[in-house]
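Architecture and fold: a report
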Amino acid sequence: MSELVRLSAAQAAAAVGAGELDPLALFEAYRARAAADQLNAFTWVAEGAPAPVAGPLGGVPLAVKDLFCTEGVPSQSGSRILEGYRPPYTATVVERLARAGAPLLAKTNQDEFAMGSSTENSAFGPVRNPWDHGRVPGGSSGGSAAAVAAGLAPWALGTDTGGSIRQPAALCGIVGLKPTYGAVSRYGMIAFASSLDQAGPLARDVTDAALLYSQMVGERDPCDSTSLTFPGPIELPQRADLRGLRLGVPAELTGEGIEPGVLEVFEAAIQLARSLGATVEPCALPHAPHALAAYYVLAPAEASSNLARFDGVRYGYRASDADDLLAMYTRTRHDGFGAEVKRRIMLGTYALSSGYYDAYYGRAQRVRTKIAEDFAAAFERFDFIVTPTAPGVAFEFGAKTADPFAMYLNDFCTVPMSLAGIPAISIPCGLAPPPGGERPLPVGLQLAGPPFSENGLLAASFALEAALAFDGSAVRA
Amino acid sequence: MIGRDEVRHVARLARLELSDEEVDRMAVELAGVLEHISTIGELDLDGVAPTSHVVAVENALRPDEPRPSLARERVLAGAPAVVDDGFAVPSPQA
Amino acid sequence: MSSALEPVIGLEIHVQLATATKLFCGCELSFGAPANTHTCAVCLGLPGALPVVNARAIHFGLMIGMALGCEIAPRSIFHRKNYFYPDLPKGYQISQYDEPLCRGGELAGVRIHRVHLEEDAAKLVHIGASGRIHGSEQSLVDFNRGGTPLVEIVTEPDVHSPAQAREWLELLRVTLRVLGVSDVNMDEGSLRADANVSLRAAGSEQLGTKTELKNMNSFRFLERGVAAEIERQRAILEAGEEVVQETLHFDPSSGAISSLRSKEEAHDYRYFPEPDLVPIATTEAMLDAARTAMPELPAARAERFERELGLGAERARQLAFRAELGDFYERALAADAAHPRRLADWVGGELVGALADEDPAASTVSPAALAALVAMVAERTLTVTAAREVLGVLVADGGDPGQIVAARGLEAIDDEAGLAAIVARVVAGDPQAAEQVRAGNAKAIGALIGPVMRETRGRADGAEVTRLIHAALGLQSADDQA
Ligand SMILES: [Mg+2]
Ligand SMILES: [Zn+2]
């Protein structure tokens, strides 16, 4: 492994800033690694470095999930229906990061239109988990997570709709932050579910995540009506302990359905938090068990509409054998979309259709209200909620593809925060063997806080990270 | 819970071609997912307001000021079929 | 039965707003520009693009709502109306559904149901089997128009005849034009009308099955289309059959009505709140801005012309509904307010005729000049005939009426003796006509008046000439008898 790749992104940025490191050499080191990728983590890799831009991100190259539009660079959201599509514009957040000194290194593989928890639903084929090449990296930002874990990229952008940053971060043993809804511009992100989608960093450690995130937020984006100005800057975390911090552990998300190995590692992390000075007590999120059901109404409903623009008229794939308009639409969409995307389009169309709206969409919106109220009540007593990020460690390819709902259960612990629009971070907290397996795999710890509590979440995560001393360097070799 | 005719109707609304075999599979899969989803039918949600958005923002308006449009070559560059600078489609009247 | 059926008509009007840019993006509005030159990521529905609402579109929507006496919603939201069509780039139209910007209201006795904002579709042109792409029937999409802001105005079914539909739409059009919110050009599609038509037994409250007649692109077509649809439905009902609820197209050239979407499945638009936009909360500042921008509306102006200036209803409406005439008239009144009715007749009659529908503000006739001309006529220092000649000069070259009159020697002849001498000479020169007039043939007097007018070059007052002819023939004038 190149010496350069040993440096964290923050260390590399500091070295560039101090004039000790040539950013072009850094770019080329990662470019070469990305080009030689064995994990299928990338859909596109830069041929060379763009002209360096001085900035707080120090020229440290960035891998970006395929669904972010990047001008002139393939952006297909993992779908065949956007075959050959090169957007004429760049997503706001990618643009901001480039201006802050993070040049585009590569586009990363993902579940098609971010629908999935294993990155098995990609038109580019599945991504391998660097910890075990026979297992999934999680999803939908599986390419970003695998690339960062394997040291093929110093850091990466992902998106999280119901857990798509946090869950792959957990399964790959890295840090992933899902921001407060609205904190990061969605302009130029190929949408899955508009009211839930958020871009966030995937990084080797908490400091890197904070550094990248600090340049993603700021003034609201006038091109995204739902974006918000972040109150104050994101600071690099310094916290050494958790004294005075009140952590709530919701019974609803830490019991049934969680693998015993995961629970064990989670309990140990909780004990560690106590030893760092936190008070940890049970808390109630009574509607959280219904979050998944509500999510699988709302997200597919929005998706069914968001994906209507893929019609073979203006860009992307068009079925060649259609002579009439209806056949052009239906065949284009039949051939262009994968099975999971079609399933969700069907589900969402059904939930919005005449006669079913109130029973599904209307009710799901009300469940969403109750879930947000649960969190608001919990945050009166607790600073943060902690749960395992995912109910299990990385699973084998094909293990959950037969039953759609079994796959959806991966999001059980992450979806409630998405519905409430609150920030949540996943940090690696240990290793646990998979059921029936031996080689231990990473487990993620999720911390969630009230809107705009990212600084607090990062600081607490930083203290925990130091105490946990999780070592992922083996998979970066 | 969801029959084949209903699957076909929804597929038509969504403009998705499904073979008979795909209709059968979809009916089974959707029924499975809908069974889980239907648990929200058991909750008492009387008087609960719907949330379509978690952000408390209103009036994100834009001044009525022109911004440059895209050059036509770029607009048409990725189109599957172009005739006379228009996007060509099978006629809806046909 | 036929006499007992009464038409019930509701109108749905789509108005393109005269903003600089589209509803959700910064592309400039255009008409007739080369295809696909006014488009961007947002209005092409490119992946990842997001809409942002144009503040002026909301402002115009509020003005329209106020002009129609609507209740303005304190909070309104956009919905997605989902359906597939090549002119709809995102697969949904962003429109308003159950929380529109305005509800209620009334214009000229027709109640307004709602007023809402939405985006226009693109233009789809059928080109037939061009052979260029596997020989099938093709259409071309031009997205220049896509995303143009529209206000949709829906009335209650308060219209009861084709003529009323036309008149009401004319009033709506001038109202919108005076507001300055739209070009209201039916030829270019900036004002489009659909009509919902049904028949019911006169006096009944129960509405019959309605049909929707689409896109009648002129006032005349609206009137004719609605009339044709009423007759079609009347024939169906009189034959004891039932009207089918459907969308119809009126072909103005043949007068035929055909079904527009008979083959399509029932629509299921799957409306849901647009998650890419946030609610519109009408603030006091927004309401104030709309209120401040409101001009006097045509109906109110016509009423004021009648009430304050004593104009007849017809003349008042003419001047008020053509704002440029009303404006010219009021500027002329500002110069000389002594003869409001006569001045109105000159603006709405002589001037409109002489200018052949040109905007008088753009002509060489100044409002003060016309006021001065009318004053001379009213004070009888200029005959109507001479005044028309002066107006002709004003239209051709402009100038001051007093100077034109002086230069051309057009002053009315107020020298009774001189005029009497001319009359005596004419009567003596045509004894035959004189005899006929004397014998009671009133028409024959024309043969005597003509030469007098010729000799005076129109400067003599017609009534005075008639009186003098009668006097010369020893007859009692009609005026004297009265
Ligand atoms: Mg409409
Ligand atoms: Zn545009």
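Cut-off values and rules
- Residues numbered from 1 in each chain as written.
- Chains lettered and ligands numbered in written order.
- Predicted model: local features only at pLDDT ≥ 70, side-chain atom pairs only at ≥ 80, totals over all residues.
- Heavy atoms only, no water.
- pLDDT = per-residue confidence, 0-100.
- Axes fitted to C-alpha atoms, helices over the stretch in contact; angles between N-to-C directions.
- Helix = DSSP H or I, 4+ residues; strand = E, 2+ residues; numbered from the N terminus.
- Parallel < 35°, antiparallel > 145°, perpendicular 65-115°, else oblique.
- Contact = heavy atoms within 4.5 Å.
- Nonpolar A, V, L, I, M, F, W, Y, C, P; charged D, E, K, R; others polar.
- Donors = N, O, S within 2.8 Å, 3.2 Å for Na, K, Ca; no water.
- Tetrahedral: all angles 85-135°; square planar, octahedral: opposite > 155°, others 65-115°.
- Buried < 20%, exposed > 50% of the residue type's maximum accessible area, 1.4 Å probe, protein only.
- Buried area = accessible area lost by both parts, 1.4 Å probe.
- Salt bridge = Lys/Arg side-chain N within 4 Å of Asp/Glu carboxyl O.
- Polar contact = N/O pair within 3.5 Å; in protein donor to acceptor, adjacent residues only side chain to side chain.

1. Section: the confidence of the model for chain B
- Averaged over chain B, the pLDDT score is 94; the fraction of residues at 70 or greater is 99%.
- Complex prediction metrics read pTM 0.91 and ipTM 0.97.

2. Observations concerning the packing of helix α9 (residues 291–306) of chain A against helix α11 (residues 339–352) of chain A
Residue and element names in this part refer to chain A.
- In contact at an axis separation of 7 Å, α9 and α11 are set at 100° when each is read in the N-to-C sense. As far as their axial angle goes, α11 and α9 are roughly perpendicular. Residues Tyr296, Val297, Pro300, Ala301 and Ser304 of α9 form the contact with α11, whose participating residues are Arg344, Ile345, Leu347, Gly348, Thr349, Ala351 and Leu352.
- Residues belonging to the contact of α9 with α11 are distributed by class as follows: eight nonpolar, three polar and one charged.

3. Focus on the coordination of the zinc ion (ligand 2)
Residues and elements named next belong to chain C.
- Protein-derived ligands of the zinc ion (ligand 2) are Cys25 (SG), Cys27 (SG), Cys40 (SG) and Cys43 (SG), with the metal-ligand distances lying across 2.3 to 2.4 Å.
- Taken together, the four donor atoms coordinating the zinc ion (ligand 2) and their angles of 100 to 116° define a geometry best described as tetrahedral.
- All donors of the zinc ion (ligand 2) belong to a single chain; written as a sequence motif, their spacing is C-x1-C-x12-C-x2-C. Of this pair, cysteine 25 sits in the loop between β1 (5–16) and β2 (53–54) while cysteine 43 sits in the loop between β1 and β2, and the two are 18 residues apart along the sequence. Judged on exposure class, the residue cysteine 25 and its partner cysteine 43 are both buried.

4. Re the environment of alanine 18 of chain C
All names here are of chain C.
- Assignment of secondary structure puts alanine 18 in the loop between β1 and β2.
- C-alpha separation for the pair alanine 18 and leucine 473, spaced 455 residues apart in sequence, amounts to 68 Å.
- Once residues lying within four places of it in the same chain are set aside, the contact partners of alanine 18 are Phe60, Val181, Ser182 and Asp183.

5. Concerning the coordination of the magnesium ion (ligand 1)
All names here are of chain C.
- On the protein side, the magnesium ion (ligand 1) has His14 (NE2), Glu118 (OE) and Glu152 (OE) as donor atoms, found 2.0 to 2.4 Å from it.
- Along the chain, the residues donating to the magnesium ion (ligand 1) fall in the pattern H-x103-E-x33-E. Taken together, the residues span a long stretch of sequence, with glutamate 118 in strand β9 (residues 110–119) and glutamate 152 in strand β12 (residues 149–155) at a distance of 34 residues. For the residue pair glutamate 118 and glutamate 152, the accessibility class agrees, reading buried in each case.

6. Overview of the interface of chain A and chain B
- Facing the 58 residues of chain A at the interface are 50 residues of chain B.
- It is Met346, Tyr350 and Arg363 of chain A that lose the most area in chain A upon contact with chain B, and together they represent 14% of the buried surface on that side.
- Our count for the contact surface shared by chain A and chain B stands at three salt bridges.
- With a shortest N-O distance of 3.2 Å, arginine 331 of chain A and glutamate 17 of chain B are connected by a salt bridge.
- For the interface between chain A and chain B, the tally reads 17 residue pairs in polar contact (both at pLDDT 80 or more).
- Those elements that place two or more of their residues in the side of chain A that touches chain B are α9, α10 (325–336), α11, α12 (358–381), α13 (404–408) and α14 (415–420) of chain A.
- By residue number, the principal contributor to the side of chain A that touches chain B is α12 of chain A, which donates ten residues.
- Grouping the amino acids of the side of chain A that touches chain B by side-chain chemistry returns 29 nonpolar, 15 polar and 14 charged.

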